[in-house]
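Observations on the three-dimensional arrangement
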Amino acid sequence: MARTIAKDHEAKREAILKTAAVFFAEQGFDRASMGKLAEACGVSKALIYHYYPSKDALLFDILDTHLTALVEVVEAAAAEPRSAPERLRALIRAILIAYRDSDAEHKVQLDALASLPEDSQTHLRALQRRLVACMSDSVRAIEPERFSNRPELVGPVTMSVFGMLNWFYLWYKPGGPVDRDAYADIVTELVIGGLPAVCGGEAG
């Protein structure tokens, strides 16, 4: 007879994922032990292994859950009919809001993705490429004529935008003078205002 899934199965899995993300972010994935993680979760190590057969499987689920949710939010924002500047602003704001309460997952993504087996990395990097594609299209739409003359700059500019967003968690303090919406405006205006100088030449 097949084993039935407990009603709280998904809630327990989500609780383990969230605690594990914080634990891996603080301890470092390579140094973190499943035994100590179980203590942090307040469960037995056997229960952790009931959900995940290995530490790699747990890490993969953390990152896959995080990146999938991020892709869904960003692609939905990109699909809305907006002017080019407002689309860029919407994408940047969507990413910053999606990062809220996900600092641990974000840090683990930056620090530990490369620790996973190649097939797992391939899947996760495909999700990352979808994020980059959305942002690249949005950046290119701000100065299409200039970028048509300097197409090699789309990638560096796009990754510079992600650089401003990905390290936000290091210095941001809740209740400080700049909230997420305000920072979204700052990044957007830096990009829009700076592109003519970066790309050079006259717009068509």
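Before any of the text, the structure's been laid out above.
Residues numbered from 1 in each chain as written. Predicted model: local features only at pLDDT ≥ 70, side-chain atom pairs only at ≥ 80, totals over all residues. Heavy atoms only, no water.

One broad rule of soluble globular proteins: the nonpolar side chains tend to lie buried together. Among the nonpolar cores identified, the biggest contains 59 residues, and Phe24, Leu58, Ile92, Met135 and Leu165 are the most heavily contacted of them. In terms of residues, this core owes the most to one element, helix α4 (residues 55–79), which gives nine residues. Apart from residues lying up to four places away in sequence, Met135 is in contact with Leu88, Leu91, Ile92, Ile95, Thr158, Val161, Phe162 and Leu165. (Core = buried A, V, L, I, M, F, W, Y, C linked by side-chain atoms within 4.5 Å. Buried < 20%, exposed > 50% of the residue type's maximum accessible area, 1.4 Å probe, protein only. Helix = DSSP H or I, 4+ residues; strand = E, 2+ residues; numbered from the N terminus. Contact = heavy atoms within 4.5 Å.)

With that out of the way, let us pick up unusual backbone geometry. Of note in the backbone geometry, Asp101 takes a positive phi value of approximately 65° without being a glycine. Following the sequence through the fold, Asp101 ends up in the loop between α5 (84–99) and α6 (103–112). Given a relative accessible area of 64%, Asp101 falls into the exposed group.

Further remarks concern the packing of helix α1 (residues 9–27) against α4. Helix-helix packing is described using two parameters, namely the angle between the two axes and the distance between the axes. For the pair α1 and α4, interaxial distance at closest approach is 10 Å and the crossing angle is 100°. Taken together, the axes of α1 and α4 are roughly perpendicular relative to one another. Counted together, Arg13, Ile16, Leu17, Ala20, Ala21 and Phe24 of α1 and Lys55, Leu58, Asp61, Ile62 and Thr65 of α4 form the full contact between these two elements. Tallied by class, the residues present in the contact of α1 with α4 amount to seven nonpolar, one polar and three charged. (Axes fitted to C-alpha atoms, helices over the stretch in contact; angles between N-to-C directions. Parallel < 35°, antiparallel > 145°, perpendicular 65-115°, else oblique. Nonpolar A, V, L, I, M, F, W, Y, C, P; charged D, E, K, R; others polar.)

Now for the packing of α5 against helix α11 (residues 180–199). Contact pair α5 / α11: the axes reach a minimum separation of 9 Å and the direction vectors enclose 140°. With respect to each other, α5 and α11 are oriented oblique. In the packing of α5 onto α11, the handedness of the crossing is right-handed. In this structure, α5 uses Pro85, Leu88, Arg89, Ile92, Arg93, Leu96, Ile97 and Tyr99 to contact α11, whose residues at the interface are Arg180, Asp181, Tyr183, Ala184, Asp185, Val187, Thr188, Glu189, Val191 and Ile192. (Left-handed = near helix turned anticlockwise from the far one by under 90°.)

Here we come to the environment of Arg125. As for its position among the elements, Arg125 is in helix α7 (residues 118–142). As for Arg125 and Leu67, which are separated by 58 residues in sequence, their C-alpha atoms are 9.4 Å apart. Dropping the residues within four chain positions of it, Arg125 is found in contact with Leu113 and Ala114.

Think of an α-helix as 3.6 residues a turn; residues three or four steps apart then line up on the same face. When the terminal C-alpha atoms of α5 are compared, their 23 Å separation across 16 residues agrees well with the 22 Å that a helix rising 1.5 Å per residue should span. Burial in α5 covers these residues: Ala84, Leu88, Arg89, Ala90, Leu91, Ile92, Ala94, Ile95, Leu96 and Tyr99. Along its buried surface, α5 packs onto α4, α6, α7, α9 (154–166), α10 (168–171) and α11. Within two residues after α5, Asp101 carries a phi angle of roughly 65°, on the positive side. (Expected span 1.5 Å × (residues − 1).)

Its place among the elements puts Val178 in the loop between α10 and α11. Overall, Val178 belongs to the partly exposed group, its relative accessible area being 24%. Those residues in contact with Val178 that sit more than four places away from it in its chain are Tyr172, Tyr183 and Ile186.

We now examine the packing of aromatic side chains. If you walk through the whole model with that rule in mind, you get seven aromatic pairs. Look at Phe168 and Tyr172: their rings are 4.7 Å apart centre to centre, the planes differ by 25°, and that puts the pair in the stacked class. Accessibility classification places Phe168 together with Tyr172 in one group, the buried group. With a centroid separation of 5.2 Å and an interplanar angle of 75°, the aromatic rings of Trp171 and Tyr183 are classed as edge-to-face. Within this pair, whereas Trp171 is found in helix α10, its partner Tyr183 is found in helix α11, the two being separated by 12 residues in sequence. When its relative accessible area of 42% is taken as the criterion, Trp171 is described as partly exposed. Of the residues examined, Tyr183 reaches a relative accessible area of 9% and is grouped as buried. Clustering of aromatic rings is evident, with ring pairs tying together Phe168, Trp171, Tyr172 and Tyr183. Positioned above the aromatic ring of Phe29, the side-chain terminus of Lys55 is 4.6 Å from the ring centre. (Phe/Tyr/Trp six-rings, centres within 6.5 Å; stacked < 30°, edge-to-face > 60°. Lys NZ or Arg CZ within 6 Å of the ring centre and 35° of its normal.)

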